[in-house]
Amino acid sequence: MGYAILAVMAVGVVLMLTRVLPTAFALGLMAVVIALLAGATVLGDKNSVGTTVLQTGSTLLAATMIAVLLGSWLGTLMEDTGIASTLVRKIVEFGGERQVVVALGVYAVAVLCGSITGSAPAAMLAGVVGIPAMIAVGVRPVVAGGTVLMGIATGLPLDLIGWQFLSDAIKIPIDQVRSFQLTLFPIVLAGSLLYILVETRRRGARHAWAVRLDAKPASTRVRRGDAPWYALVSPAVPIVLALGFHVPIVPSLLAGVVYALLTTTRPGKLGERALRSLYRAFDVAAPPIVLFVAIGMLLSAVRLPGAVSALTPIVSALSPSGTVLFVLVFAALVPLCLYRGPFNVYGLGAGVAGVLVSGGVYPSTAVLGLMASYGQVLGVSDPTSTQTVWSAQYAGVRPEKVMASTLPYTWLIAIGGLVLTAALHLT
Amino acid sequence: MRTDEDLAVALLRATATHENRTEEQLRSWAATALAFGDELPLEDPDVRVVEEANGVARDVVTLAEYDARTHTVTVHTDSLALLADVAARKGWTDVTPDALRRAAVAHEVVHHRLHGGLARDLRHRLDHVVCRVGPLRVRGHVVGADEVVAHRYAHRASGLRRSPLHLSAALAELGG
Ligand SMILES: [Zn+2]
């Protein structure tokens, strides 16, 4: 029966890859079929499709969903009030004609954006002004797109939403997620800085006499007022509270929202702006929330006793044991997290993580390290993920070009994460 | 007909970071940059020039580009031919691929020269003060001003009747 479940997963990957089904629907469908194969009844109080997978599974990641919504709210406010664009403009004015300085500055803004909200909304916050500004001072378009993505991925280990997700998905306390992510952060930072320093210099600054035939990029840049300087620290509020004062995730994000509102909005307009931006945040947060509903169902399905007992022998036999083999094998498998592959943490990878944990193949902290390391590659180099598609297209290049430009560095970061995992949690 | 200054204002307006600037601010920068381009002494290009054909893409036409590391100007011959074609249809007979090539190389030579001390001169002339501490003033970088300077210098160096800013605007009309 284990092999039948693996076959279902393989079919699911094909459905997602060929875009026959959107990822969330494919994951939901897989959850139901896997549950049935694992011997779950259709209805019933225990181990059933109706109760365990659909009812309980759909809200399994509820805490993550609320965090995503709040992060999106803060992101929407940063866009509405001009906080993000003001930050980028200041950096370009001070960085001047030195393309490395401008790239590093936009990267820093992207780290902040990535730490409060994930994927495409974060890329847009930093990139809408940041990408064309980098190109205007001579950064190559591929590198301009890659720099924003690297920044968002560097924010990932500091992303409160990500902590909540990994904690829920791998069933591990937030404290442990936080402490691993904080040790991973310097590795991601070093790899990203290497990317920017090497790639902006490998080929010199580029200045072109170029004429755009479509006016699209300019029209997507809406004119907004300037945010005052003290409002510019808003994106750092949640992480400072969560890290410095151990405030839980939801109040930390809420504090960021309140700070951004109070520093940019006249008292009479507060209620209106707060509500309007919150409603827009629902739009922004819809794709990840739908995905988290489906991932919750998939996790519930692979955690069913029938699925665990069917999959554990196979997965145990396939999984490398020993620290060296762990690093080598999983480093070689990095490409499997791209293109909606089986190690995509925001897809089937969450299910794989569930199997590895419930089967007791590795300690859950090691699974956390594995998934967090893969997440770093996925967040930057996957040409099917929304932030990569958006950044590449906005810079005027194909997403595959951004993958080719960034993958050597993100792969290196992932290997760093795997070594860290093996050293900390497998010995 | 729109003047070079109008077109330079439009160019700056379309450049990232200038979304919120006032019309007066952009107009003053445009005028300063054009004057700067007028005053640059004409010099023979001291860069390597290579020709390539792959300048025309679906939504952007690249006429020439400059690589600051190799000091190489790449002239895209297909783009120059396209622009010459657009100009011919408007009856601008002096806009030959040869004259355009001279303009394109001169444009990129300005970027080459702006990688030296000239950039500081331009920044002082634009005088965009972003930070003032007592007598100390920090002048900010004005994105796109170098492009305006390059266009004006290329106009003078090429001997074209219509300015590269006008020719660029004519080319942009292809997009509708
Ligand atoms: Zn130029």
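Scroll up to find the structure.
Residues numbered from 1 in each chain as written. Chains lettered and ligands numbered in written order. Predicted model: local features only at pLDDT ≥ 70, side-chain atom pairs only at ≥ 80, totals over all residues. Heavy atoms only, no water.

(A) Quick peek at the overall build of chain A. Summing up its helical and strand segments, chain A has 20 helices and one strand in all. Its C-alpha atoms give chain A principal-axis dimensions of roughly 60 × 50 × 45 Å. Counting across all 427 residues of chain A, residues that qualify as buried make up 59%. Long-range contacts, defined here as pairs at least 24 residues apart, represent 79% of the contacts in chain A between residues at least 6 apart. Entry remark: accessible area of chain A is about 16,000 Å², with carbon and sulfur atoms responsible for 70%. (Helix = DSSP H or I, 4+ residues; strand = E, 2+ residues; numbered from the N terminus. Buried < 20%, exposed > 50% of the residue type's maximum accessible area, 1.4 Å probe, protein only. Contact = heavy atoms within 4.5 Å. Areas by Shrake-Rupley, 256 points an atom, 1.4 Å probe, with all protein chains shown as cover.)

(B) How the structure looks around the packing of aromatic side chains. Residue and element names in this part refer to chain A. Summed over all chains, the structure comprises eleven aromatic pairs over all chains. Where Phe326 meets Tyr362, the ring centres are 5.3 Å apart and the plane angle is 80 degrees; that geometry is what we call edge-to-face. Of this pair, Phe326 sits in helix α16 (residues 323-332) while Tyr362 sits in the loop between α17 (348-358) and α18 (364-381), and the two are 36 residues apart along the sequence. Of the two residues, Phe326 and Tyr362, neither departs from the other in class, the shared state being buried. Pairing Phe343 with Tyr374 gives two aromatic rings, centres 5.2 Å apart and planes at 50 degrees, and the pair type is tilted. Placement of the pair is Phe343 in the loop between α16 and α17 and Tyr374 in helix α18, with a sequence separation of 31 residues. The class of Tyr374 is buried, set by a relative accessible area of 0%. Cluster of aromatic residues (ring-pair linked, three or more members): Phe326, Phe330, Phe343, Tyr362 and Tyr374. (Phe/Tyr/Trp six-rings, centres within 6.5 Å; stacked < 30°, edge-to-face > 60°.)

(C) Examining empty space enclosed by the protein more closely. Residues and elements named next belong to chain A. Per the counting criterion, the structure on display carries one cavity of 30 Å³ or more. The volume enclosed by the largest cavity comes to roughly 100 Å³. Forming the boundary of the largest cavity are Leu156, Gly162, Phe165, Leu166, Gln181, Val345, Tyr346, Met371, Ala372, Gly375 and Gln376. Counting residues per element, the ones that place at least two in the lining of the largest cavity are α9 (160-170) and α18. At four residues, α18 tops the list of elements feeding residues into the lining of the largest cavity. (1 Å grid on protein atoms, 1.4 Å probe; cavity = no way out; pocket = protein on both sides within 12 Å on 5 of 7 lines; lining within 4 Å. Points joined across faces, edges and corners; volume = space filled by probe spheres on them.)

(D) Structural view of a nonpolar patch on the surface. Residue and element names in this part refer to chain A. There is a patch of nonpolar side chains on the surface, built from Leu36, Val42 and Leu43 and spanning about 320 Å² of accessible area. Here Leu36 is to be found in helix α2 (residues 23-37). Among the residues examined, Leu36 registers a relative accessible area of 43% and is labelled partly exposed. (Patch = residues over 30% accessible without salt bridge, like charges linked within 9 Å, V, L, I, M, F, W, Y side chains within 5 Å. Salt bridge = Lys/Arg side-chain N within 4 Å of Asp/Glu carboxyl O.)

(E) Fine view of the interface of chain B and chain A. Taken together, the 44 residues of chain B in the interface contact 31 residues of chain A. Across the interface of chain B and chain A, roughly 3,200 Å² is buried in total on both sides, 55% from carbon and sulfur atoms. Three residues stand out in chain B for area buried against chain A, namely Glu19, Asn20 and His141 of chain B, and they jointly supply 19% of the buried area on that side. Taking the shortest distance from any N to any O, the salt bridge between Asp67 of chain B and Arg140 of chain A comes out at 2.8 Å. (Buried area = accessible area lost by both parts, 1.4 Å probe.)

(F) Highlighting the pattern of salt bridges. For the coordinates displayed, the defined rule picks out 22 salt bridges over all chains. The shortest N-O distance in the salt bridge between Arg280 of chain A and Glu79 of chain A comes to 3.9 Å. Separated by 201 residues along the polypeptide, Arg280 of chain A in helix α14 (residues 270-302) and Glu79 of chain A in helix α4 (residues 62-80) bring together distant segments of the chain. Overall, the relative accessible area of 33% leaves Arg280 of chain A in the partly exposed class. Take Glu79 of chain A: its relative accessible area is 36%, and that puts it in the partly exposed class. Glu93 of chain A is paired through a salt bridge with Arg89 of chain A; the nearest N and O atoms lie 3.8 Å apart. With Glu93 of chain A and Arg89 of chain A both in helix α5 (residues 83-95), this residue pair falls four residues apart, about one helical turn. Each member of the pair Glu93 of chain A and Arg89 of chain A is classed as buried. Through salt bridges with shared partners, a single ionic network connects Glu5, Asp6, Arg13, Glu23 and Arg27 of chain B.

(G) Spotlight on the environment of Met403 of chain A. Residues and elements named next belong to chain A. In this structure, Met403 sits in helix α20 (residues 399-425). Judged by its relative accessible area of 16%, Met403 is buried. It is 4.4 Å that separates the C-alpha atoms of Met403 and Ser381, two residues lying 22 residues apart in sequence. Those residues in contact with Met403 that sit more than four places away from it in its chain are Leu338, Tyr339, Ser381 and Pro383.

(H) Representation of the coordination of the zinc ion. Residue and element names in this part refer to chain B. Of the protein atoms, only His107 (NE2), His111 (NE2), Glu147 (OE) and Glu147 (OE) coordinate the zinc ion, at distances of 2.0 to 2.6 Å. Geometry at the zinc ion is irregular, judged from the four donor atoms that bind it and their angles of 54 to 148 degrees at the metal. For the zinc ion, the single-chain donor residues occur in sequence as H-x3-H-x35-E. Of this pair, His111 sits in helix α4 (residues 97-113) while Glu147 sits in helix α6 (residues 145-158), and the two are 36 residues apart along the sequence. Of the two residues examined, His111 and Glu147, each falls in the buried class. (Donors = N, O, S within 2.8 Å, 3.2 Å for Na, K, Ca; no water. Tetrahedral: all angles 85-135°; square planar, octahedral: opposite > 155°, others 65-115°.)

(I) A look at the environment of Pro45 of chain B. All names here are of chain B. Tracing the backbone through its elements, the reader meets Pro45 in the loop between α2 (23-39) and β1 (48-52). Distance in space between the C-alpha atoms of Pro45 and Val73 is 9.9 Å, their sequence separation being 28 residues. For Pro45, the residues in contact, after removing those within four places along its chain, are Val105 and Val109.

Function cannot be read off these values alone, since they describe shape.
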